Amino acid sequence: MKGYRYGMGAVLAILAVFALYSCFLKQGKEREEASQVRIGITLYREDDTFLNSICRVLEEKAKEYEKNTGIRIILDVVDAREDQNTQNSQVDRFLTLGCDVICVNMVDRSAASVIIDKAMDQDVPVIFFNREPVEEDISRWEKLFYIGADPKAEGICQGNMMADAYEKEPFVLDLDGDGKVSYVILEGERGHQDSQMRTEWAVQTLKDRGVDVEKLTGGIANWQRSQADALMGQWLDQFPEQIELVIGNNDDMALGAIDAIRRLGLIRPICVVGIDGVPAGLEAVQSSDMLGTVSIDREAYGDTMIRMALSLAQTGKAPEDISLEKGVYFRCPSYPVVRPEGEIRTKAE
């Protein structure tokens, strides 16, 4: 009996040690989870030049905040390949992995409700970016936010850039000197709010500034350089002497137009403008291939996304020092980059 009691005591002691060890493991895991933030990021198309530049900034900012805070930041970036069903599945995976915050660059901005439902079910905040969901969706829950540029402001900035050049030297835009600027426009995407607003306000600003304009044609190039190149090639065949100005909704499409002009060996100095300020666009401005671009402050863009994600993961709220329109929207600042007398201006004066 005495041996039995000793045996039971040993078993209980071993069980106690295992229980204590399990407790330490659990506490260690909780400390590890508390010292890291996992952010799931799904892109509508990974090879988009502007999105690539934003992702690079996000990676830089994540490393910077890791160093300053000691909190490990895990960025899980995936490509939806322009398929909304694929993106929905990616969000499912993020939730299964236990992501603290999900950042979504929507494939179809009108389909955000499915993703919102998934996130709400598991109480995971969502930051939409670059492709803005409809207001009815993003207003459904207090943990939904949007980060992106102001497309109206970008369009006005682009329009003023062209109007300033015209006032300084009309021949820059009016090649034949007839007092009217004949333009073509490369639009980003059918139904995309940024594309629509950039187009509308760039042209309207030109008109408001007293520039007489005539639209020759326009087309959808889906933000892509190759598609813009193809369209521009067709238009140069159709209007070999009439095109004086190419308005691009982004730099990639403006660069595609330049590719077509070069390929056809045209010597007419057709004016080309873009938006985004991606490295290739800035180089084209500096080399005088483009009149100018509207550069988006990617540093502010990436910094705001990382700071918001960290704050949402840790407190469930956005940082108080980030100014949000309607408590939801952060509009990233932008500024003109133009080519005055061979120089490149990188900040608005």
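Residues numbered from 1 in each chain as written. Predicted model: local features only at pLDDT ≥ 70, side-chain atom pairs only at ≥ 80, totals over all residues. Heavy atoms only, no water.

### So, the sheet that holds strand β12 (residues 334-338)
Going by this rule: Two strands qualify as a pair provided DSSP detects at least 2 bridges between them. Each helix corresponds to a stretch of at least 4 residues labelled H or I by DSSP, and each strand to a stretch of at least 2 residues labelled E; elements are numbered beginning at the N terminus. For helices, the fitted line uses only the C-alpha atoms of the stretch in contact; every axis is such a line through C-alpha atoms, and the angle between N-to-C directions lies from 0 to 180 degrees. By definition in these notes, contact holds between two residues if any of their heavy atoms fall within 4.5 Å.
What the six strands build is an open sheet, ordered β7-β6-β8-β9-β10-β12; its pairing is mixed. The open sheet terminates on both sides in strands that have one partner only, identified here as β7 (213-220) and β12. Going from strand to strand, the sheet's axes swing by 15° on average, the running direction of each strand aside. Contacting β6 (181-187), β8 (245-248), β9 (271-276) and β10 (292-296), helix α9 (residues 251-263) crosses the sheet at an angle of about 155° to β9.

### Some details on the layout of surface pockets
The following threshold applies: Definitions used throughout: a 1 Å grid over protein atoms alone; a cavity as a set of points that fits a 1.4 Å probe which cannot get out; a pocket as an open set with protein on both sides within 12 Å along at least five of seven lines; a lining residue as one with an atom within 4 Å of a point. Grid points are joined across faces, edges and corners, and a volume is the space filled by probe spheres set on the points. Residues were grouped as follows: Ala, Val, Leu, Ile, Met, Phe, Trp, Tyr, Cys and Pro as nonpolar; Asp, Glu, Lys and Arg as charged; and all remaining residues, including Gly, as polar.
Volume-wise, the second largest pocket comes out at about 270 Å³. Along the walls of the second largest pocket sit 18 residues, with Pro269, Ile270, Cys271, Ser288 and Asp289 positioned nearest its centre. Sorting the residues of the lining of the second largest pocket by element identifies α9 and β9 as the ones contributing at least two each. Sorting elements by how many residues they give to the lining of the second largest pocket places α9 first, with three residues. When grouped by side-chain class, the residues that make up the lining of the second largest pocket number 13 nonpolar, one polar and four charged.

### Things to note about the nonpolar core
Here is the rule: Within this scheme, the nonpolar core is defined by two criteria: the residues are buried Ala, Val, Leu, Ile, Met, Phe, Trp, Tyr or Cys, and they are joined through side-chain atoms within 4.5 Å. Relative accessibility thresholds used throughout: buried, under 20% of the residue-type maximum; exposed, over 50%; partly exposed, between the two (1.4 Å probe, protein chains only).
If you look at the biggest cluster of nonpolar residues, it comprises 66 residues, and the most contacted ones within it are Phe129, Leu186, Met232, Ile243, Val246 and Tyr301. Ranked by residue count, the leading element in this core is helix α11 (residues 298-315), at eight residues. Not counting residues up to four positions away in its chain, the partners in contact with Ile243 are Leu175, Ser182, Val184, Leu216, Met232, Trp235, Leu236, Arg268 and Ile270. Listed in part, the 23 residues of the second largest apolar core include Ala163, Val213, Val273 and Leu291.

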